[in-house]
Amino acid sequence: MSDLEREVRAALASVEDPELHRPITDLGMVADVHAGRRGRVRVDIALTTSGCPMRERLRADVEAAARSVSGVRDVAVEFSTMSARQRAELGDRLRTESGKVRGALSIGSPAIYAVASGKGGVGKSTVTANLAVALARAGNKVGVLDADVWGPSMPLLFGTSRAPVVLGGAMMPVEAHGVRLMSTGFFVEGTQPLVWRGPMLHKAIQQFLDDVHWGDPDVLLVDLPPGTGDVSLSLLELVPDARVIVVTTPQTAARQVAERAGRMAADLGIAVAGVVENMSGFACDCGRHAPIFGSGGGDSLAEALGVPLLGRVPLDERLRESADAGVPVMASHPGTVSAVALRDVALSLPLSRPRRSLAGMSLPLSPV
Ligand SMILES: Nc1ncnc2c1ncn2[C@@H]1O[C@H](COP(=O)(O)OP(=O)(O)O)[C@@H](O)[C@H]1O
Ligand SMILES: [Mg+2]
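What you see is a predicted model, and the numbers here were worked out from it, not measured in a lab. Positions within a chain are numbered from 1, following the residues in the order the chain's sequence is written. Chains carry letters from A onward and ligands carry numbers from 1 onward, assigned in written order. With pLDDT at 70 or above as the cut-off, local features in this predicted model cover only qualifying residues; side-chain atom pairs require 80 or more to be listed or tallied, and sums for whole chains, interfaces and linings still use all residues. The side-chain quantities take in all heavy atoms of the structure and omit both hydrogens and water.

1. Some remarks on the overall build of the protein
- To qualify as a helix, a DSSP run of H or I must reach at least 4 residues; to qualify as a strand, a run of E must reach at least 2; elements of each kind are numbered from the N terminus. If you tally the helices and strands in the protein, you get 13 helices and 14 strands.
- A burial count over the protein gives 53% of its 368 residues as buried.
- A fraction of 75% describes how many contacts in the protein between residues 6 or more apart in sequence connect residues 24 or more apart.
- Surface exposure of the protein reaches about 16,500 Å², of which carbon and sulfur atoms provide 50%. Accessible area is worked out with a 1.4 Å probe on protein chains only. A residue is then buried under 20% of its type maximum, exposed over 50%, and partly exposed in between. Contact definition: two residues touch when any of their heavy atoms are within 4.5 Å. Accessible areas in this description were obtained via Shrake-Rupley with a 1.4 Å probe; residue shielding takes into account the shown protein chains only.

2. Examining the environment of Val340
- If you trace the backbone, Val340 turns up in helix α12 (residues 337-348).
- Between the alpha carbons of Val340 and Val313 there is a distance of 8.6 Å; along the sequence they are 27 residues apart.
- Setting aside residues no more than four positions away along its own chain, Val340 makes contact with Pro334 and Gly335.

3. Side note on the side chain of Ser338
- Summarising the element assignment, Ser338 is placed in helix α12.
- Among residues more than four places away in sequence, those in contact with Ser338 are Val313, Pro314, Asp316, Leu319 and Val329.

4. As for the site of ligand 1
- By convention in this text, a residue qualifies as near a molecule or strand provided that one of its non-hydrogen atoms is within 4 Å of it. Inspection of the region around ligand 1 gives 15 residues, with Gly121, Lys124, Ser125, Thr126 and Asp316 positioned closest.
- Identification of polar contacts relies on pairs of N or O atoms within 3.5 Å, with a donor-acceptor requirement for protein atoms, meaning one able to donate a hydrogen and the other able to accept it, and with residues adjacent in sequence counted only if both atoms are side-chain atoms. The separation between an oxygen atom of ligand 1 and a polar side-chain atom of Ser125 is 2.8 Å.
- Side-chain polar atom of Asn278 to a nitrogen atom of ligand 1: 2.9 Å apart, as the coordinates give it.
- Starting from 560 Å² of accessible surface for ligand 1 in isolation, the protein chains cover 79%.

5. Observations concerning empty space enclosed by the protein
- Points on a 1 Å grid, built from protein atoms alone, make a cavity when a 1.4 Å probe fits but cannot get out and make a pocket when they are open with protein on both sides within 12 Å along at least 5 of 7 lines; residues with an atom within 4 Å of a point are the lining residues. Grid points are joined across faces, edges and corners, and a volume is the space filled by probe spheres set on the points. All told, the structure shown has two cavities of 30 Å³ or more when counted by the stated rule.
- Estimates place the volume of the largest cavity at around 70 Å³.
- In terms of lining, the largest cavity is formed by Asp17, Pro18, Glu19, Leu20, Thr48, Cys52, Pro53, Met54, Val165, Leu167 and Met172.
- Residues of the lining of the largest cavity, tallied by class, amount to eight nonpolar, one polar and two charged.
- Each pocket or cavity is described by its volume, and for the second largest cavity that value is around 30 Å³.
- Forming the walls of the second largest cavity are Thr126, Asn130, Leu157, Leu319, Ser322, Ala323, Pro328 and Val329.
- For the lining of the second largest cavity, the secondary structure elements donating two or more residues are α4 (124-137) and α10 (317-324).
- In terms of residues, the lining of the second largest cavity owes the most to one element, α10, which gives three residues.
- When residues are grouped by polarity, Ala, Val, Leu, Ile, Met, Phe, Trp, Tyr, Cys and Pro land in nonpolar, Asp, Glu, Lys and Arg in charged, and all others, Gly among them, in polar. Partitioning the lining of the second largest cavity into residue classes produces five nonpolar, three polar and no charged.

6. Side note on the pairing of strand β9 (residues 179-183)
- Burial of β9 is extensive: five of the five residues sit out of reach of the surface.
- Burial along β9 is two-sided: Val179, Leu181 and Ser183 facing one way and Arg180 and Met182 facing the other are all buried.
- Pairing between strands is defined by DSSP: at least two bridges between the two strands are required. By the bridge criterion, five bridges tie strand β5 (residues 142-146) to β9 in an arrangement that is parallel. Within the sheet, the bridge partner assigned to Gly143 lies in β9 and is Arg180.
- With antiparallel pairing between neighbouring strands as the criterion, strand β8 (residues 174-176) and β9 make up a hairpin whose turn holds two residues, including His177 at a positive phi of roughly 50°.

7. Description of the pattern of salt bridges
- Salt-bridge detection follows one rule: a side-chain nitrogen of Lys or Arg within 4 Å of a carboxyl oxygen of Asp or Glu. Counted by the stated rule, this structure contains 13 salt bridges.
- Arg6 is paired through a salt bridge with Asp3; the nearest N and O atoms lie 3.6 Å apart. One end of the pair, Arg6, and the other, Asp3, are both in helix α1 (residues 3-12), three residues apart, so they sit about a helical turn from each other.
- Overall, the relative accessible area of 45% leaves Arg6 in the partly exposed class.
- For Asp3, a relative accessible area of 54% corresponds to the exposed category.
- Note that Arg255 and Glu259 form a salt bridge whose closest N and O atoms lie 2.9 Å from each other. With Arg255 and Glu259 both in helix α8 (residues 252-267), this residue pair falls four residues apart, about one helical turn.
- Given a relative accessible area of 17%, Glu259 falls into the buried group.

8. Some remarks on the nonpolar core
- The definition of a nonpolar core used throughout is a set of buried Ala, Val, Leu, Ile, Met, Phe, Trp, Tyr and Cys residues joined through side-chain atoms within 4.5 Å. One finds Leu145, Phe158, Val179, Val222, Leu235 and Val244 to be the most contacted residues of the largest nonpolar core, which totals 76 residues.
- Among the elements that take part in this core, α4 stands out by supplying eight residues, more than any other.
- Residue contacts for Val222: discarding those within four places in its chain leaves Ile112, Tyr113, Ala114, Val115, Leu145, Ala147 and Leu235.
- Ile24, Ile45, Ala46 and Val165 belong to the second-largest nonpolar core, a separate cluster that totals 35 residues.

Spelled out as structure tokens, the structure:
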């Protein structure tokens, strides 16, 4: 290897794979560096998958890093694809190194918040998506697991629907608006129905926790299906140190069914972090608030569950428009009333794991 080749390789250590968040030199993606005459350099990058969605971004980053080396005049980036064996090896490595959110929980594992509601349509997914973007914007590494297997909405809310990259046994989350997403919605096309049978569900949730390379997130938000069904039970069993956030509207009827979701968590010994009241009043530009869905639901639910009311999110046309356009309002209009309310909730969430529930888990620790 010539000196120039060595220097270019060293410079490429500053390039991260956009999805794996590791230097490409660590991931075995720099297949070859060849320095020709007059400062011409050719870099061969082995992609994890031929349809790599990040190809152009990688090309630009590799080019810029190589050009930063003095003596380099011209850079050609070529792409090849890893062999099945290389992919499997990389997947195994990633799986053992990090990414597990349950199992051998260790210091540095994420805080997990499961967002629940009594019924659909109260804005549970909207709340989840916007809390995630707010936490990411505050500098946290954030994952969202869309566990609403019958009505996955994260692909729509984040405006992304491409299939996740799978490396050996590890699935890479899809990144959008700074958040790492995993959803059953990524594995089906359009409005194809999702048919799940009981045992498959538990397995799917388990896989999402174990086999997704979450990459050491600070916080993982889980969008639970509405109600108190099997998926919620599976998830809360698998991650007993999750904390539940219950979303309700101010309406008495919604608040009553939401209470069941809160009680389910309590029965399983899961902590309820608090209640978010969504659609509380219509905020119009005239400064008036109209209580379209009534009022008081959040307060009375929080009181019934003995937990804090984390915030009230007003009905906001901008939020709905952004959601329909596939951009969380936290990213498109961070200053609008609903986004401000949601950010306050996000920033009030503790990001350390509760110690209390760790005691109940079998940790592979021995006294020293
Ligand atoms: N605060 C709000 N203001 C305006 N529209 C909202 C608000 N919260 C949710 N929505 C809209 O209500 C609908 C249902 O929200 P969604 O998050 O999908 O509910 P859930 O996940 O509980 O079924 C969506 O169209 C969403 O854009
Ligand atoms: Mg939903």
